[in-house]
Amino acid sequence: MRALQYAEPGGPLTLVDLPDPEPPVHGAVLAVEATGLCRSDVHAWAGHDPDVVVGAHAGPGGGAATHVPGHELAGRVVAVGAGVDASWLGRRATTPFVHACGSCPECAAGDGQVCRDQTQPGFTTQGSWADQVVVRHADVNLVEVPDDVDGGAAALLGCRFATAYRGLVQRAQLRPGERVLVVGCGGVGLSAVVVAAALGAEVVAADVDERALARAVELGASATVRTAGLSPAEVADAVRAAGGGAGPAVSVDAVGRPGALDACLLSLARRGRHVQIGLVASEPVVEVSRVVSHELALLGSHGMDARSYPELMALVTSGRLRPQDLVARWLPLEDAAGIEALVRAMDGGTAPVGVTMIRP
Ligand SMILES: [Zn+2]
Ligand SMILES: [Zn+2]
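Parameters and conventions
- Residues numbered from 1 in each chain as written.
- Chains lettered and ligands numbered in written order.
- Predicted model: local features only at pLDDT ≥ 70, side-chain atom pairs only at ≥ 80, totals over all residues.
- Heavy atoms only, no water.
- Core = buried A, V, L, I, M, F, W, Y, C linked by side-chain atoms within 4.5 Å.
- Buried < 20%, exposed > 50% of the residue type's maximum accessible area, 1.4 Å probe, protein only.
- Helix = DSSP H or I, 4+ residues; strand = E, 2+ residues; numbered from the N terminus.
- Domains from an automatic or database assignment.
- Contact = heavy atoms within 4.5 Å.
- Pairing = 2+ DSSP bridges.
- Axes fitted to C-alpha atoms, helices over the stretch in contact; angles between N-to-C directions.
- Buried area = accessible area lost by both parts, 1.4 Å probe.
- Salt bridge = Lys/Arg side-chain N within 4 Å of Asp/Glu carboxyl O.
- Parallel < 35°, antiparallel > 145°, perpendicular 65-115°, else oblique.
- Nonpolar A, V, L, I, M, F, W, Y, C, P; charged D, E, K, R; others polar.
- Phe/Tyr/Trp six-rings, centres within 6.5 Å; stacked < 30°, edge-to-face > 60°.
- Lys NZ or Arg CZ within 6 Å of the ring centre and 35° of its normal.
- Donors = N, O, S within 2.8 Å, 3.2 Å for Na, K, Ca; no water.
- Tetrahedral: all angles 85-135°; square planar, octahedral: opposite > 155°, others 65-115°.
- Right-handed = clockwise from strand over helix to strand, strands pointing away.

Caption draft 1: Representation of the nonpolar core in the model. The biggest cluster of nonpolar side chains holds 54 residues, and the ones touching the most others in it are Phe161, Leu168, Val180, Val252, Leu312, Leu321 and Leu326. Here the element with the most residues in this core is helix α6 (residues 187-198); it accounts for seven residues. If you count residues domain by domain, this core takes at least three from each of domain 1 (2-159 + 304-359) and domain 2 (161-300). Not counting residues up to four positions away in its chain, the partners in contact with leucine 321 are Phe161, Tyr165, Val194, Val195, Ala198, Leu312, Leu315 and Val316.

Caption draft 2: Structural view of the sheet that holds strand β11 (residues 202-207). The parallel open sheet is built from six strands, whose spatial order is β12-β11-β10-β13-β14-β15. Each edge of the sheet is formed by a strand with only one pairing partner; in this case those strands are β12 (223-226) and β15 (297-300). The mean inter-strand angle of the sheet, taken between neighbouring strand axes irrespective of direction, is 20 degrees. Relative to β11, strand β10 (residues 179-183) is paired through five bridges, and the arrangement is parallel.

Caption draft 3: Broad picture of the domain arrangement of the protein chain. For the protein chain, the assigned domains are domain 1 (2-159 + 304-359) and domain 2 (161-300). Here domain 1 packs against domain 2, burying approximately 2,000 Å² in sum over the two surfaces, 64% of which is carbon and sulfur. Considering only the side of domain 1, the residues that lose the most area to domain 2 are Met304, Leu326 and Val353, jointly responsible for 27% of the buried surface there. At the boundary of domain 1 with domain 2, the tally comes to zero salt bridges.

Caption draft 4: Seen up close, the packing of helix α5 (residues 160-171) against helix α11 (residues 309-317). Two numbers describe how α5 lies on α11: the axes approach to 11 Å, and their chain directions differ by 110 degrees. Compared by their axis directions, α5 and α11 come out roughly perpendicular. Here α5 contributes Phe161, Ala162, Tyr165, Val169 and Gln170 to the contact with α11, which in turn contributes Tyr309, Glu311, Leu312 and Leu315. Along the lines of polarity and charge, the residues of the contact of α5 with α11 split into seven nonpolar, one polar and one charged.

Caption draft 5: The arrangement of the packing of aromatic side chains in detail. Following the criterion strictly, the structure yields zero aromatic pairs and no others. Residue placement shows arginine 359 over the ring face of tryptophan 330; its charged tip is 4.0 Å from the ring centre.

Caption draft 6: Structural detail: the coordination of the zinc ion (ligand 2). Donor atoms from the polypeptide that bind the zinc ion (ligand 2) are Cys101 (SG), Cys104 (SG), Cys107 (SG) and Cys115 (SG), placed at 2.3 to 2.4 Å. If you look at the zinc ion (ligand 2), its four donor atoms make angles of 102 to 116 degrees with each other, and the shape they trace is tetrahedral. Mapped onto the sequence, the residues coordinating the zinc ion (ligand 2) show the spacing C-x2-C-x2-C-x7-C. You can see cysteine 101 sitting in the loop between β7 (92-94) and α2 (105-108) and its partner cysteine 115 sitting in the loop between α2 and β8 (132-135), a full 14 residues away along the chain. The same class applies to cysteine 101 as to cysteine 115, namely buried.

Caption draft 7: Layout of the pattern of salt bridges. Taken as a whole and assessed by the stated rule, the structure comprises 17 salt bridges. Across the pair glutamate 210 and arginine 226 runs a salt bridge, and its minimum N-O distance is 3.9 Å. A residue pair is termed long-range when its members are at least 10 positions apart, and glutamate 210 in helix α7 (residues 210-218) and arginine 226 in strand β12 qualify at 16 residues. Of the residues examined, glutamate 210 reaches a relative accessible area of 45% and is grouped as partly exposed. Residues arginine 271 and glutamate 295 are paired through a salt bridge, measuring 2.8 Å at the closest nitrogen-oxygen approach. Residue arginine 271 is found in the loop between α9 (260-267) and β14 (273-276), and its partner glutamate 295 is found in the loop between α10 (288-293) and β15; the two are separated by 24 residues along the sequence. Residue classification places glutamate 295 among the partly exposed positions, given a relative accessible area of 49%. Three or more residues are tied together by salt bridges with common partners; here these are Arg2, Asp131 and Glu334.

Caption draft 8: Up close: the pairing of strand β16 (residues 327-332). Here five bridges tie β16 to strand β17 (residues 355-359), and the two strands are oriented parallel to one another. Following the sheet pairing, proline 332 is matched in β17 by arginine 359. For the crossover that starts at β16, traverses helix α12 (residues 336-348) and ends in the parallel β17, the hand is right-handed.

Below you can see the structure in the form of structure tokens.
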């Protein structure tokens, strides 16, 4: 199979031929039809993610130590290992980027997204920027995708869209009519805008980039705050002004940039709920005294257990949620230079607006 890989953090992406993966016991192999370029791929490539050990996977012929990114995917099951329901063969599927073990205490409680024995394609194992990818514990992690669901939409359910959905619906328990602040209008932030607007919330979008804010408005945001050059307190003032003086009930940091979390905590109404989705490259300074005095809730969101997908898939198949609207461009897998240029642009903060999908 073909795959894109890099040999060192920040290094070039190259298209290589690798042996087709064999399904491990309890695992399956998917032929990838769509795989996203997500900000966490960029964090891993840049060397920000301690879970990514470049060199954990042998290159062609067991040669150079390399890494294949990609964790947000959809495809068709082409092989299953021992212990996997063979009826999966030939079916279309996506998977949460957290491959849960299915048997630890967290998995037993229905919380595979925080499984203590998890693996993650593109981070701890070879990823989906390839013709084929392995899904471990397939009976636990495969989510069937109906044939009429767009491939890009199905892939987005593996990471960004599902993470935004779980963060707003299951973690923050966002209610219709509430105001929500979304800081960072990249892929996961725009996903949060779409989900919040569909739930009947009033969305304030914040970003450094005017074009990203314009896209957020097209997708349902009713107010915007341009954060370029503003301190967290100035962002909070602008967010409150957009809400007629009142702070939002829910905030989402979808970018993880310095100052974004503080801007959220300073914006929130008393007893507000903050959802942290963006990965931070260094530990932020948090307004802890405000968390106490305003009784703020600080919630993480880390993907979603496969067992929680039916309600989300039903909203997608009914057309109420359209993740495919977030996809701005498709690149073929063989366009290593074009994909590397986008990775470098995202790392440098100059990426074009919207979600990039890779088609093997
Ligand atoms: Zn992701
Ligand atoms: Zn587990």
